Amino acid sequence: MSFAKSQIRVRDENGVSCVEFVERSIIDEVVIRQIGDELLRLVDGAEKPAVVIDFSGVQHLSSAALGVLINVHNRAKSRNGQVRLCGIPKNIFEVFRITKLDRIFHTCDTVAQALQGLA
Amino acid sequence: MATAGAHPPSQIRVTLHEMRTDVERVQREVEGAIRARGYDDDAAFAIRLCLEEALVNAFRHGNRLEPGLTVEFRAEIGDRSCTFEVQDQGEGFDPVGVPDPTADENLEIPSGRGIMLMRAYMSEVEYLDPGNRLRMVFTRR
């Protein structure tokens, strides 16, 4: 039996799950699906989920990746939790701006800023 | 397809059979061609994103992931602009029917952003009759 390697790294900061992506490109459909499954498990495993997703080092993403982030945001919201995004490179932030997703996601420059009021 | 430029445009033609590996192969080939002409990181990012959306849409929504169906890709890469064509074997669709993903009521719907991203980054995007052939043009700034 083989197990797919995890696509995210998670560390706990005073009850907040801080997530980094393993891959620099979040465009492969299989990778995106796995990231979605792992993030949803993280959200479902917390009583009141608090998640910070760090985009530092991410070079590419696709609209399918945005879809996964929206699903995770919706799931966290339905459980009275929060998902915050940080460290988004300029060209990727432009994708959020074009799609107006910067209006539904709380975004910050750094992990430390994202943790303020969450941890 | 005609692209003005100091050097003759490069032509790429690929028949894609398998989504995961062939889309990546096309991306690498196009990136090599645009980098050779000095396109910068922002241009490479935009083109990669749009090709990903166009090719995955062709496999997923056009060919409905049916094994055996292929996607035709053509590119003409010039010094100032690139023209891309993606044709699937589906029945075609009318992009007018796609809801605006930036409308307040659609913002939290997880799908439907690919076409708007292509329109944002490309200078021209059109679906040619019967709606299964996408033509898009990227112009350097």
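First things first, this report covers the structure right here in the doc. (Residues numbered from 1 in each chain as written. Chains lettered and ligands numbered in written order. Predicted model: local features only at pLDDT ≥ 70, side-chain atom pairs only at ≥ 80, totals over all residues. Heavy atoms only, no water.)

## Overview of the overall build of chain B
Within chain B one finds 3 helices and 5 strands. Against the globule reference of 14 Å for 141 residues, chain B gives a C-alpha radius of gyration of 15 Å, in line with a compact fold. Burial analysis of chain B (141 residues in total) assigns 50% to the buried set. Considering only residue pairs separated by 6 or more positions, chain B has 63% of its internal contacts joining residues 24 or more positions apart. (Helix = DSSP H or I, 4+ residues; strand = E, 2+ residues; numbered from the N terminus. Rg over C-alpha atoms; globule rule 2.2 N^0.38 Å. Buried < 20%, exposed > 50% of the residue type's maximum accessible area, 1.4 Å probe, protein only. Contact = heavy atoms within 4.5 Å.)

## Topic: the sheet that holds strand S1 (residues 8-13) of chain A
Residues and elements named next belong to chain A. The sheet built from 5 strands is open, its strands ordered S1-S2-S4-S6-S7 with mixed pairing. Where the open sheet ends on each side, the last strands, each with one partner, are S1 and strand S7 (106-108). Direction aside, neighbouring strands of the sheet carry axes that sit 25° apart on average. Both strand S4 (residues 50-54) and strand S6 (residues 82-86) contribute to a ladder of 5 bridges, which runs parallel. When the bridges of S6 are listed, Val 52 appears paired with Arg 84. (Pairing = 2+ DSSP bridges. Axes fitted to C-alpha atoms, helices over the stretch in contact; angles between N-to-C directions.)

## Some points on the interface of chain B and chain A
At the junction of the two partners, chain B supplies 22 residues and chain A supplies 27 residues. Summed over both partners, the interface of chain B with chain A comes to about 2200 Å²; 57% of that surface belongs to carbon and sulfur atoms. Sorting the residues of chain B by area buried against chain A places B:Phe45, B:Leu107 and B:Glu108 first, and these three jointly supply 29% of that buried surface. The salt bridge involving A:Lys77 is made with B:Glu108; its shortest N-O contact spans 2.9 Å. The interface formed by chain B and chain A holds 7 residue pairs in polar contact (both at pLDDT 80 or more) in total. Taken together, the elements giving at least two residues each to the side of chain B that touches chain A come down to helix H1 (19-36), helix H2 (41-62) and helix H3 (114-121) of chain B. Tallying contributions element by element places H2(B) first for the side of chain B that touches chain A, with 8 residues. For the side of chain B that touches chain A, a count of residues per class yields 11 nonpolar, 2 polar and 9 charged. (Buried area = accessible area lost by both parts, 1.4 Å probe. Salt bridge = Lys/Arg side-chain N within 4 Å of Asp/Glu carboxyl O. Polar contact = N/O pair within 3.5 Å; in protein donor to acceptor, adjacent residues only side chain to side chain. Nonpolar A, V, L, I, M, F, W, Y, C, P; charged D, E, K, R; others polar.)

## Quick word on the pattern of salt bridges
Residue and element names in this part refer to chain B. Summed over the entire model, instances satisfying the criterion amount to 21 salt bridges over all chains. Measuring nitrogen to oxygen at the nearest pair gives 3.1 Å for the salt bridge that ties Arg 74 to Glu 85. Residue Arg 74 is located in strand S2 (residues 71-77), and its partner Glu 85 is located in strand S3 (residues 81-87); the two are separated by 11 residues in the primary sequence. Owing to a relative accessible area of 29%, Arg 74 belongs among the partly exposed residues under this scheme. Note that Glu 126 is salt-bridged to Arg 135, the shortest N-O span being 3.2 Å. Using a relative accessible area of 34% as the deciding quantity, one classes Glu 126 as partly exposed. When its relative accessible area of 19% is taken as the criterion, Arg 135 is described as buried.

## A short note on helix H3 (residues 90-98) of chain A
Within the sequence span of H3(A), burial applies to A:Ile92, A:Val95, A:Phe96 and A:Ile98. Looking at the buried residues of H3(A), the elements they touch are strand S5 (60-61), helix H2 (63-78) and S6 of chain A together with H2 and H3 of chain B. Positive phi shows up at A:Lys100, right after H3(A), with a value of about 65°.

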